[in-house]
Amino acid sequence: MHDDNYSDEWSLETLAIRAGHERTFEQEHSEPIFPTSSFVYGSAAEAARKFGGKESGNVYSRFTNPTVHTFERRLAALEGGERCVATSSGMSAILATVLALLSAGDEIVASRSLFGSTVSLFDKYFGKFGITTRYVELSDLDAWEAAITPKTRLLFAETPSNPLSEVADIKALSALAKRNDAWLAIDNCFLTPALQQPIALGADLVIHSATKYLDGQGRAVGGAVVGKHDVLEEVFGVVRTCGPCMSPFNAWIFTKGLETLSLRMKAHCEQALTLAQWLDAHPAVSKVYYSGLVDHPQHGLAKQQQDGFGAVLGFEVIFGQEGAWQVIDATRMLSITGNLGDVKTTITHPATTTHGRLSDAQRAAAGITPGLVRVAVGLESQRDIQTDLARGLDALLKG
Ligand SMILES: *Cc1c(COP(=O)(O)O)cnc(C)c1O
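What counts and how
- Residues numbered from 1 in each chain as written.
- Predicted model: local features only at pLDDT ≥ 70, side-chain atom pairs only at ≥ 80, totals over all residues.
- Heavy atoms only, no water.
- Near = heavy atom within 4 Å.
- Polar contact = N/O pair within 3.5 Å; in protein donor to acceptor, adjacent residues only side chain to side chain.
- Areas by Shrake-Rupley, 256 points an atom, 1.4 Å probe, with all protein chains shown as cover.
- Nonpolar A, V, L, I, M, F, W, Y, C, P; charged D, E, K, R; others polar.
- Pairing = 2+ DSSP bridges.
- Helix = DSSP H or I, 4+ residues; strand = E, 2+ residues; numbered from the N terminus.
- Contact = heavy atoms within 4.5 Å.
- Axes fitted to C-alpha atoms, helices over the stretch in contact; angles between N-to-C directions.
- Salt bridge = Lys/Arg side-chain N within 4 Å of Asp/Glu carboxyl O.
- Buried < 20%, exposed > 50% of the residue type's maximum accessible area, 1.4 Å probe, protein only.
- Phe/Tyr/Trp six-rings, centres within 6.5 Å; stacked < 30°, edge-to-face > 60°.
- Lys NZ or Arg CZ within 6 Å of the ring centre and 35° of its normal.
- Left-handed = near helix turned anticlockwise from the far one by under 90°.
- Domains from an automatic or database assignment.
- Buried area = accessible area lost by both parts, 1.4 Å probe.
- Core = buried A, V, L, I, M, F, W, Y, C linked by side-chain atoms within 4.5 Å.

Colleague: Looking at this structure, how should I read the site of the ligand?
Modeller: Near the ligand, the surroundings consist of Ser 89, Gly 90, Met 91, Phe 115, Glu 158, Asp 187, Cys 189, Phe 190, Ser 209, Thr 211, Lys 212 and Gly 222. Here an oxygen atom of the ligand sits 2.6 Å away from a polar atom, N or O, in the side chain of Thr 211. With the chains in place, 91% of the 380 Å² that the ligand exposes on its own is no longer accessible. Tallied by class, the residues present in the shell around the ligand amount to four nonpolar, five polar and three charged.

Colleague: What is the right way to look at the sheet that holds strand β9 (residues 312-317) in this model?
Modeller: Strand pairing within a sheet occurs via backbone hydrogen bonds; the two strands may be parallel or antiparallel. On the basis of which strands lie adjacent, the open sheet formed by five strands has the order β8-β9-β12-β11-β10 and mixed pairing. The open sheet has two edge strands with one neighbour each: β8 (285-289) and β10 (335-336). Judged from the four bridges that link them, β8 and β9 form a sheet pairing that is antiparallel. Bridge pairing links Val 285 to Val 317 in β9. Contacts between helix α15 (residues 382-398) and the sheet are confined to β8, β9 and β11 (346-348), with β9 contributing the most and set at about 20° to the helix.

Colleague: Which parts of the structure should I look at to understand the pattern of salt bridges?
Modeller: Pairs can form between side chains of opposite charge whenever their charged atoms are close. What the rule picks out here adds up to 16 salt bridges. Residue Lys 50 is joined to Glu 46 by a salt bridge in which the shortest nitrogen-to-oxygen separation is 2.7 Å. Placement of the pair is Lys 50 and Glu 46 together in helix α2 (residues 44-51), with a separation of four residues, close to one helical turn. Both residues of the pair, Lys 50 and Glu 46, belong to the buried class. A salt bridge links Asp 384 to Arg 383; the shortest N-O distance between them is 3.3 Å. The network of salt bridges with shared partners includes Glu 31, Arg 74, Lys 256 and Glu 259.

Colleague: What should I look at first to understand the sheet that holds strand β2 (residues 107-111) in this one?
Modeller: One open sheet accounts for seven strands, arranged β1-β7-β6-β5-β4-β2-β3; its pairing is mixed. Single-partner strands in this sheet number two, and they are β1 (83-87) and β3 (132-136). Here the average twist between neighbouring strands, direction ignored, is 20°. Its contacts with the sheet put helix α3 (residues 66-79) on β1, β6 (205-209) and β7 (223-227), and the angle it makes with β1 is roughly 130°.

Colleague: Teacher, can you tell me more about the packing of aromatic side chains here?
Modeller: Both the distance between ring centres and the angle between the ring planes are used here to describe each pair of aromatic rings. Summed over the entire model, instances satisfying the criterion amount to seven aromatic pairs. Ring centres 6.2 Å apart and planes at 65° place the aromatic pair Tyr 41 and Phe 51 in the edge-to-face group. In this pair, Tyr 41 sits in the loop between α1 (12-18) and α2 while Phe 51 sits in helix α2, placing the two residues 10 residues apart along the sequence. Clustering of aromatic rings is evident, with ring pairs tying together Phe 122, Phe 126 and Phe 156. Geometry around Phe 236 places Arg 83 over its ring, the cationic atom sitting 4.8 Å from the centre. Above the plane of the ring of Phe 63 lies Arg 240, whose end atom (NZ or CZ) is 3.9 Å from the centre.

Colleague: Would you mind going over the packing of α3 against helix α10 (residues 248-258) with me for this structure?
Modeller: Relative orientation and spacing of two packed helices are given, respectively, by the angle between their axes and the distance between those axes. Contact geometry of α3 with α10 gives a least axis separation of 8 Å together with a crossing angle of 35°. The element α3 and its partner α10 pack so that their crossing is left-handed. Facing Thr 67, Val 68, Thr 70, Phe 71, Arg 74, Leu 75 and Leu 78 of α3, the residues of α10 in contact are Pro 248, Ala 251, Trp 252, Phe 254, Thr 255 and Leu 258. Taken together, the residues of the contact of α3 with α10 break down into nine nonpolar, three polar and one charged.

Colleague: Explanation requested: the domain arrangement of the chain in the structure shown.
Modeller: How large an interface is tends to be reported as the accessible area lost when its parts come together. Along its sequence, the chain is carved into domain 1 (3-258) and domain 2 (261-397). Domain 1 and domain 2 are separated by 27 Å when their C-alpha centres are compared. Counting residues at the interface gives 35 residues for domain 1, matched by 38 residues for domain 2. Of the roughly 3,000 Å² buried at the junction of domain 1 and domain 2 (both faces included), carbon and sulfur atoms supply 56%. Of all residues in domain 1, the largest losses of buried area upon contact with domain 2 belong to Leu 164, Leu 195 and Tyr 213, amounting jointly to 26% of the total for that side. At the boundary of domain 1 and domain 2, one finds one salt bridge. Across the pair Glu 13 and Lys 266 runs a salt bridge whose closest N-O atoms are separated by 3.9 Å. Here domain 1 is connected to domain 2 by 15 residue pairs in polar contact (both at pLDDT 80 or more). Going through the elements one at a time, α1, α7 (170-179), α8 (192-195) and α10 are the ones with two or more residues in the side of domain 1 that touches domain 2. Sorting elements by how many residues they give to the side of domain 1 that touches domain 2 places α8 first, with four residues. Considered class by class, the residues forming the side of domain 1 that touches domain 2 number 17 nonpolar, 11 polar and seven charged.

Colleague: Any chance you could explain the environment of Thr 64 here in plain terms?
Modeller: Positionally, Thr 64 belongs in the loop between α2 and α3. With 43 residues separating them in the primary sequence, Thr 64 and Glu 107 have C-alpha atoms 32 Å apart. The contacts of Thr 64, once residues within four sequence positions are left out, are Phe 39, Gly 57, Asn 58, Val 59 and His 69.

Colleague: What is the right way to look at the nonpolar core in this model?
Modeller: One broad rule of soluble globular proteins: the nonpolar side chains tend to lie buried together. Ranked by size, the top nonpolar core spans 64 residues in total, and within it Phe 71, Leu 313, Phe 315, Leu 389 and Leu 393 carry the most contacts. Among the elements that line this core, the one with the most residues is helix α11 (residues 261-280), at seven residues. The residue makeup of this core includes at least three contributed by each of domain 1 (3-258) and domain 2 (261-397). Among residues more than four places away in sequence, those in contact with Phe 315 are Leu 279, Val 285, Lys 287, Val 288, Gly 371, Leu 372, Val 373, Val 375, Leu 389 and Leu 393.

Quick look at the structure:
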(Lines give C-alpha, C1' and ligand atoms only; values in the text may rest on other atoms or scores of the structure.)
Protein backbone atom coordinates (compact mmCIF):
# COMPACT_ATOMS: atom_id res chain seq x y z
CA MET A 1 0.00 0.00 0.00
CA HIS A 2 1.14 3.52 -0.74
CA ASP A 3 1.18 5.83 2.25
CA ASP A 4 2.23 9.24 1.01
CA ASN A 5 1.79 10.91 4.33
CA TYR A 6 4.35 9.32 6.62
CA SER A 7 6.36 6.32 7.59
CA ASP A 8 8.23 6.10 10.87
CA GLU A 9 10.94 4.16 9.10
CA TRP A 10 11.82 6.93 6.66
CA SER A 11 15.08 8.73 7.20
CA LEU A 12 15.30 12.49 7.45
CA GLU A 13 16.10 13.03 3.76
CA THR A 14 12.95 11.14 2.77
CA LEU A 15 10.72 12.78 5.37
CA ALA A 16 11.87 16.21 4.14
CA ILE A 17 10.64 15.35 0.66
CA ARG A 18 7.52 13.28 1.35
CA ALA A 19 6.15 13.67 4.88
CA GLY A 20 2.96 15.55 5.55
CA HIS A 21 1.33 15.71 2.13
CA GLU A 22 -2.16 14.24 2.15
CA ARG A 23 -2.95 13.93 -1.53
CA THR A 24 -6.33 15.35 -2.50
CA PHE A 25 -8.90 13.72 -4.84
CA GLU A 26 -7.10 15.53 -7.71
CA GLN A 27 -4.15 13.13 -7.30
CA GLU A 28 -1.60 15.93 -7.55
CA HIS A 29 2.05 14.94 -7.34
CA SER A 30 3.45 18.19 -5.91
CA GLU A 31 1.98 19.79 -2.79
CA PRO A 32 -0.92 22.15 -3.62
CA ILE A 33 -1.63 25.63 -2.23
CA PHE A 34 -5.02 26.40 -0.68
CA PRO A 35 -5.22 30.21 -0.75
CA THR A 36 -8.61 30.42 0.90
CA SER A 37 -9.60 32.19 4.09
CA SER A 38 -12.54 29.93 4.91
CA PHE A 39 -14.15 26.58 4.13
CA VAL A 40 -17.75 25.60 3.51
CA TYR A 41 -19.98 22.93 5.05
CA GLY A 42 -22.48 20.52 3.61
CA SER A 43 -25.11 21.35 6.20
CA ALA A 44 -25.92 23.47 9.24
CA ALA A 45 -25.31 20.43 11.44
CA GLU A 46 -21.84 19.87 9.99
CA ALA A 47 -20.98 23.55 10.52
CA ALA A 48 -22.11 23.25 14.13
CA ARG A 49 -20.00 20.13 14.71
CA LYS A 50 -16.87 21.68 13.18
CA PHE A 51 -17.27 24.98 14.99
CA GLY A 52 -17.80 23.16 18.24
CA GLY A 53 -14.70 21.03 17.72
CA LYS A 54 -16.80 17.82 17.73
CA GLU A 55 -15.61 17.02 14.24
CA SER A 56 -12.19 17.80 12.87
CA GLY A 57 -11.78 19.57 9.57
CA ASN A 58 -11.07 22.92 8.04
CA VAL A 59 -12.89 25.95 9.40
CA TYR A 60 -10.92 29.14 8.88
CA SER A 61 -7.33 29.67 7.77
CA ARG A 62 -6.23 31.50 10.89
CA PHE A 63 -6.08 28.06 12.49
CA THR A 64 -6.91 25.40 9.90
CA ASN A 65 -5.43 25.43 6.42
CA PRO A 66 -4.34 22.31 4.49
CA THR A 67 -1.17 23.89 3.04
CA VAL A 68 -0.09 25.11 6.47
CA HIS A 69 -0.86 21.65 7.91
CA THR A 70 1.37 20.02 5.31
CA PHE A 71 4.28 22.20 6.41
CA GLU A 72 3.50 21.55 10.08
CA ARG A 73 3.37 17.78 9.66
CA ARG A 74 6.59 17.75 7.64
CA LEU A 75 8.55 19.88 10.12
CA ALA A 76 7.21 17.89 13.09
CA ALA A 77 8.42 14.71 11.39
CA LEU A 78 11.87 16.18 10.78
CA GLU A 79 12.25 17.41 14.35
CA GLY A 80 10.88 14.20 15.83
CA GLY A 81 8.08 16.12 17.57
CA GLU A 82 4.48 15.05 18.03
CA ARG A 83 3.08 18.28 16.70
CA CYS A 84 4.06 21.56 15.06
CA VAL A 85 2.28 24.89 14.98
CA ALA A 86 3.32 27.29 12.22
CA THR A 87 3.43 31.02 12.87
CA SER A 88 3.77 34.24 10.89
CA SER A 89 7.45 34.70 11.86
CA GLY A 90 10.16 33.36 14.11
CA MET A 91 9.41 36.15 16.58
CA SER A 92 5.73 35.21 16.76
CA ALA A 93 6.75 31.59 17.39
CA ILE A 94 8.61 32.75 20.52
CA LEU A 95 5.75 35.12 21.44
CA ALA A 96 3.13 32.36 21.13
CA THR A 97 5.25 29.93 23.17
CA VAL A 98 5.67 32.30 26.08
CA LEU A 99 2.05 33.51 25.98
CA ALA A 100 0.95 29.88 26.03
CA LEU A 101 3.13 28.63 28.86
CA LEU A 102 3.95 31.51 31.22
CA SER A 103 1.99 33.89 33.44
CA ALA A 104 2.78 37.12 35.27
CA GLY A 105 5.36 36.45 37.97
CA ASP A 106 7.02 33.59 36.10
CA GLU A 107 10.68 33.77 35.12
CA ILE A 108 12.75 32.83 32.08
CA VAL A 109 16.43 31.94 32.12
CA ALA A 110 18.00 32.51 28.71
CA SER A 111 21.38 32.42 27.07
CA ARG A 112 23.02 35.82 26.78
CA SER A 113 23.85 35.70 23.09
CA LEU A 114 20.31 35.60 21.70
CA PHE A 115 18.86 37.05 18.53
CA GLY A 116 18.44 40.79 19.26
CA SER A 117 14.66 40.94 18.84
CA THR A 118 14.27 37.97 21.21
CA VAL A 119 16.01 40.00 23.92
CA SER A 120 13.73 42.98 23.20
CA LEU A 121 10.67 40.73 23.32
CA PHE A 122 11.73 39.24 26.65
CA ASP A 123 12.80 42.51 28.32
CA LYS A 124 10.53 45.17 26.87
CA TYR A 125 7.29 43.30 26.24
CA PHE A 126 7.18 40.29 28.57
CA GLY A 127 8.77 42.52 31.23
CA LYS A 128 5.76 44.82 30.92
CA PHE A 129 3.48 41.94 31.90
CA GLY A 130 5.56 40.78 34.84
CA ILE A 131 7.57 37.99 33.21
CA THR A 132 11.27 38.57 33.92
CA THR A 133 14.29 37.12 32.18
CA ARG A 134 17.79 36.43 33.49
CA TYR A 135 20.63 35.98 31.02
CA VAL A 136 23.52 33.59 31.45
CA GLU A 137 26.60 32.48 29.56
CA LEU A 138 25.40 29.87 27.05
CA SER A 139 28.00 27.22 27.77
CA ASP A 140 28.24 27.73 31.56
CA LEU A 141 25.94 25.12 33.15
CA ASP A 142 26.64 26.35 36.68
CA ALA A 143 25.47 29.82 35.67
CA TRP A 144 22.20 28.35 34.32
CA GLU A 145 21.66 26.46 37.55
CA ALA A 146 22.44 29.50 39.70
CA ALA A 147 19.96 31.67 37.77
CA ILE A 148 17.04 29.29 38.29
CA THR A 149 14.56 30.16 41.05
CA PRO A 150 11.30 28.48 42.11
CA LYS A 151 9.56 30.89 39.71
CA THR A 152 11.56 29.77 36.68
CA ARG A 153 9.26 28.11 34.14
CA LEU A 154 11.30 28.28 30.93
CA LEU A 155 14.92 27.80 29.89
CA PHE A 156 15.55 29.30 26.47
CA ALA A 157 18.71 28.87 24.37
CA GLU A 158 20.00 29.40 20.88
CA THR A 159 22.76 26.95 20.05
CA PRO A 160 25.16 27.44 18.38
CA SER A 161 25.19 31.13 19.17
CA ASN A 162 25.39 33.97 16.71
CA PRO A 163 28.00 35.12 15.72
CA LEU A 164 30.55 33.43 18.02
CA SER A 165 29.37 29.84 17.46
CA GLU A 166 29.32 28.93 21.17
CA VAL A 167 27.56 25.64 21.92
CA ALA A 168 25.22 24.69 24.78
CA ASP A 169 24.94 21.12 26.05
CA ILE A 170 21.27 20.43 25.27
CA LYS A 171 21.14 17.13 27.20
CA ALA A 172 22.53 18.78 30.33
CA LEU A 173 20.15 21.74 30.00
CA SER A 174 17.25 19.34 29.58
CA ALA A 175 18.18 17.49 32.78
CA LEU A 176 18.44 20.82 34.58
CA ALA A 177 15.02 21.91 33.27
CA LYS A 178 13.41 18.63 34.37
CA ARG A 179 14.92 18.83 37.86
CA ASN A 180 13.45 22.31 38.22
CA ASP A 181 10.06 21.62 36.66
CA ALA A 182 10.70 24.02 33.80
CA TRP A 183 10.42 23.70 30.01
CA LEU A 184 13.47 23.77 27.78
CA ALA A 185 13.02 25.57 24.45
CA ILE A 186 15.78 25.51 21.84
CA ASP A 187 15.85 27.98 18.97
CA ASN A 188 17.10 25.61 16.24
CA CYS A 189 17.30 28.23 13.53
CA PHE A 190 21.04 27.97 12.83
CA LEU A 191 21.29 24.21 12.38
CA THR A 192 17.78 23.04 11.47
CA PRO A 193 16.68 19.42 12.06
CA ALA A 194 19.07 18.36 9.31
CA LEU A 195 22.00 19.02 11.67
CA GLN A 196 20.53 19.01 15.18
CA GLN A 197 17.41 17.50 16.72
CA PRO A 198 16.91 19.05 20.16
CA ILE A 199 13.85 16.93 21.05
CA ALA A 200 15.90 13.73 20.83
CA LEU A 201 18.37 15.41 23.21
CA GLY A 202 15.60 16.17 25.72
CA ALA A 203 14.30 19.61 24.75
CA ASP A 204 10.55 20.15 25.24
CA LEU A 205 10.15 22.69 22.49
CA VAL A 206 11.92 23.61 19.29
CA ILE A 207 11.49 27.11 17.91
CA HIS A 208 12.14 28.06 14.30
CA SER A 209 12.48 31.11 12.20
CA ALA A 210 11.50 29.41 8.94
CA THR A 211 12.70 32.62 7.30
CA LYS A 212 16.24 31.30 7.49
CA TYR A 213 17.39 27.85 6.38
CA LEU A 214 13.99 26.10 6.22
CA ASP A 215 13.22 28.19 3.16
CA GLY A 216 16.90 28.78 2.55
CA GLN A 217 16.41 31.16 -0.34
CA GLY A 218 15.34 34.36 1.34
CA ARG A 219 11.79 34.39 -0.01
CA ALA A 220 9.41 34.53 2.94
CA VAL A 221 9.03 35.27 6.66
CA GLY A 222 7.62 32.54 8.89
CA GLY A 223 8.12 30.53 12.06
CA ALA A 224 7.17 27.38 13.90
CA VAL A 225 7.03 25.68 17.28
CA VAL A 226 7.47 21.90 17.62
CA GLY A 227 6.93 19.67 20.66
CA LYS A 228 4.52 17.36 22.46
CA HIS A 229 0.76 17.37 21.76
CA ASP A 230 -0.38 18.84 25.08
CA VAL A 231 2.08 21.74 25.12
CA LEU A 232 1.50 22.48 21.44
CA GLU A 233 -2.27 22.53 22.02
CA GLU A 234 -1.64 25.58 24.24
CA VAL A 235 0.56 27.20 21.57
CA PHE A 236 -2.11 26.42 18.97
CA GLY A 237 -4.68 28.15 21.18
CA VAL A 238 -2.61 31.33 21.21
CA VAL A 239 -2.16 31.35 17.43
CA ARG A 240 -5.86 30.60 16.91
CA THR A 241 -6.99 33.39 19.22
CA CYS A 242 -4.25 36.01 18.87
CA GLY A 243 -3.78 35.49 15.15
CA PRO A 244 -0.05 35.31 14.23
CA CYS A 245 -0.72 32.54 11.69
CA MET A 246 1.34 31.50 8.65
CA SER A 247 -0.09 32.31 5.23
CA PRO A 248 -0.81 29.33 2.94
CA PHE A 249 1.48 30.75 0.28
CA ASN A 250 4.41 31.03 2.70
CA ALA A 251 3.69 27.55 4.05
CA TRP A 252 3.94 26.22 0.50
CA ILE A 253 7.32 27.96 0.02
CA PHE A 254 8.64 26.48 3.28
CA THR A 255 7.30 23.01 2.45
CA LYS A 256 9.10 23.07 -0.89
CA GLY A 257 12.19 24.55 0.79
CA LEU A 258 12.34 21.60 3.19
CA GLU A 259 12.68 19.21 0.24
CA THR A 260 16.26 20.36 -0.32
CA LEU A 261 17.10 21.02 3.35
CA SER A 262 19.54 18.14 3.91
CA LEU A 263 21.39 18.76 0.70
CA ARG A 264 21.64 22.49 1.31
CA MET A 265 22.75 22.18 4.94
CA LYS A 266 25.48 19.69 4.02
CA ALA A 267 26.75 22.04 1.32
CA HIS A 268 26.50 25.08 3.66
CA CYS A 269 28.61 23.25 6.28
CA GLU A 270 31.31 22.24 3.79
CA GLN A 271 31.49 25.79 2.46
CA ALA A 272 31.70 27.30 5.95
CA LEU A 273 34.42 24.92 7.15
CA THR A 274 36.56 25.58 4.08
CA LEU A 275 36.09 29.33 4.47
CA ALA A 276 36.81 29.21 8.22
CA GLN A 277 40.09 27.37 7.61
CA TRP A 278 41.07 29.80 4.87
CA LEU A 279 40.27 32.82 7.09
CA ASP A 280 42.17 31.23 9.98
CA ALA A 281 45.30 31.15 7.84
CA HIS A 282 44.96 34.74 6.61
CA PRO A 283 47.43 37.14 8.27
CA ALA A 284 44.85 39.98 8.45
CA VAL A 285 42.52 37.78 10.52
CA SER A 286 43.38 37.54 14.22
CA LYS A 287 40.68 35.05 15.26
CA VAL A 288 37.98 32.85 13.72
CA TYR A 289 34.89 31.75 15.65
CA TYR A 290 33.48 28.54 14.20
CA SER A 291 32.70 25.38 16.16
CA GLY A 292 33.97 23.28 13.24
CA LEU A 293 37.55 24.38 13.94
CA VAL A 294 39.40 21.94 16.20
CA ASP A 295 40.65 24.70 18.53
CA HIS A 296 37.10 25.99 19.21
CA PRO A 297 36.43 25.52 22.95
CA GLN A 298 33.24 23.47 22.34
CA HIS A 299 34.38 21.63 19.21
CA GLY A 300 34.02 18.25 20.95
CA LEU A 301 30.51 18.95 22.21
CA ALA A 302 29.47 20.34 18.83
CA LYS A 303 30.74 17.20 17.11
CA GLN A 304 28.81 15.01 19.52
CA GLN A 305 25.48 16.83 19.52
CA GLN A 306 25.38 18.14 15.92
CA ASP A 307 25.61 16.50 12.51
CA GLY A 308 27.45 19.54 11.15
CA PHE A 309 28.71 22.90 12.33
CA GLY A 310 26.37 25.22 10.44
CA ALA A 311 27.26 28.08 8.16
CA VAL A 312 27.47 31.15 10.39
CA LEU A 313 30.96 32.19 11.41
CA GLY A 314 32.63 35.21 12.96
CA PHE A 315 36.14 36.48 12.43
CA GLU A 316 38.15 39.31 13.86
CA VAL A 317 40.28 41.44 11.58
CA ILE A 318 43.21 43.68 12.47
CA PHE A 319 42.59 47.44 12.94
CA GLY A 320 39.25 47.06 14.79
CA GLN A 321 36.10 48.64 13.39
CA GLU A 322 38.01 50.47 10.66
CA GLY A 323 39.47 47.17 9.44
CA ALA A 324 36.11 45.40 9.63
CA TRP A 325 34.30 48.12 7.66
CA GLN A 326 37.07 48.16 5.03
CA VAL A 327 36.73 44.41 4.49
CA ILE A 328 32.93 44.70 4.23
CA ASP A 329 33.07 47.71 1.89
CA ALA A 330 35.64 46.03 -0.37
CA THR A 331 33.23 43.19 -1.20
CA ARG A 332 31.49 43.30 -4.57
CA MET A 333 29.49 40.07 -4.44
CA LEU A 334 28.62 39.26 -0.80
CA SER A 335 25.37 40.85 0.37
CA ILE A 336 25.82 43.45 3.11
CA THR A 337 22.77 42.58 5.22
CA GLY A 338 21.81 41.39 8.66
CA ASN A 339 19.95 38.39 7.31
CA LEU A 340 21.27 34.83 7.13
CA GLY A 341 20.18 31.37 6.12
CA ASP A 342 20.28 32.00 2.41
CA VAL A 343 22.05 30.49 -0.58
CA LYS A 344 23.51 33.98 -1.01
CA THR A 345 26.46 34.70 1.31
CA THR A 346 25.82 37.63 3.64
CA ILE A 347 28.28 39.80 5.56
CA THR A 348 27.56 41.90 8.64
CA HIS A 349 29.36 44.09 11.17
CA PRO A 350 27.61 42.94 14.37
CA ALA A 351 28.88 45.73 16.67
CA THR A 352 27.13 48.45 14.62
CA THR A 353 24.11 46.51 13.32
CA THR A 354 22.68 43.37 14.95
CA HIS A 355 24.26 44.24 18.32
CA GLY A 356 24.25 48.03 17.81
CA ARG A 357 21.55 48.70 20.40
CA LEU A 358 23.54 47.12 23.22
CA SER A 359 25.64 49.26 25.56
CA ASP A 360 29.44 49.02 25.24
CA ALA A 361 29.55 46.90 28.39
CA GLN A 362 26.83 44.51 27.13
CA ARG A 363 28.63 44.19 23.80
CA ALA A 364 31.92 43.44 25.52
CA ALA A 365 30.23 40.82 27.73
CA ALA A 366 28.76 39.20 24.62
CA GLY A 367 32.21 39.12 22.98
CA ILE A 368 31.17 41.43 20.14
CA THR A 369 34.38 43.36 19.46
CA PRO A 370 34.70 46.28 17.00
CA GLY A 371 36.84 44.19 14.63
CA LEU A 372 34.36 41.30 14.43
CA VAL A 373 32.80 40.44 11.08
CA ARG A 374 30.03 37.85 10.62
CA VAL A 375 29.62 35.84 7.48
CA ALA A 376 26.69 33.50 6.83
CA VAL A 377 28.20 31.34 4.14
CA GLY A 378 26.02 30.66 1.12
CA LEU A 379 26.31 28.29 -1.79
CA GLU A 380 28.14 30.41 -4.39
CA SER A 381 31.52 29.12 -5.52
CA GLN A 382 34.04 29.00 -2.67
CA ARG A 383 36.63 30.62 -4.91
CA ASP A 384 34.39 33.63 -5.57
CA ILE A 385 33.59 34.06 -1.87
CA GLN A 386 37.29 33.97 -0.97
CA THR A 387 38.19 36.39 -3.77
CA ASP A 388 35.55 38.82 -2.51
CA LEU A 389 36.90 38.71 1.05
CA ALA A 390 40.58 38.63 0.06
CA ARG A 391 40.24 42.01 -1.66
CA GLY A 392 39.66 43.82 1.63
CA LEU A 393 41.80 41.55 3.81
CA ASP A 394 44.84 41.83 1.54
CA ALA A 395 44.42 45.62 1.41
CA LEU A 396 44.60 45.78 5.23
CA LEU A 397 48.04 44.18 5.15
CA LYS A 398 49.27 46.83 2.74
CA GLY A 399 48.18 49.44 5.31
C1 LIG B 1 15.79 35.54 12.56
C2 LIG B 1 15.79 34.86 13.87
C3 LIG B 1 14.65 34.89 14.69
C4 LIG B 1 13.43 35.69 14.34
O5 LIG B 1 12.81 35.19 13.20
P6 LIG B 1 11.90 36.08 12.22
O7 LIG B 1 11.41 35.10 11.24
O8 LIG B 1 12.81 37.13 11.65
O9 LIG B 1 10.84 36.68 13.04
C10 LIG B 1 14.70 34.20 15.87
N11 LIG B 1 15.79 33.51 16.24
C12 LIG B 1 16.91 33.47 15.47
C13 LIG B 1 18.09 32.69 15.94
C14 LIG B 1 16.94 34.14 14.26
O15 LIG B 1 18.05 34.12 13.51
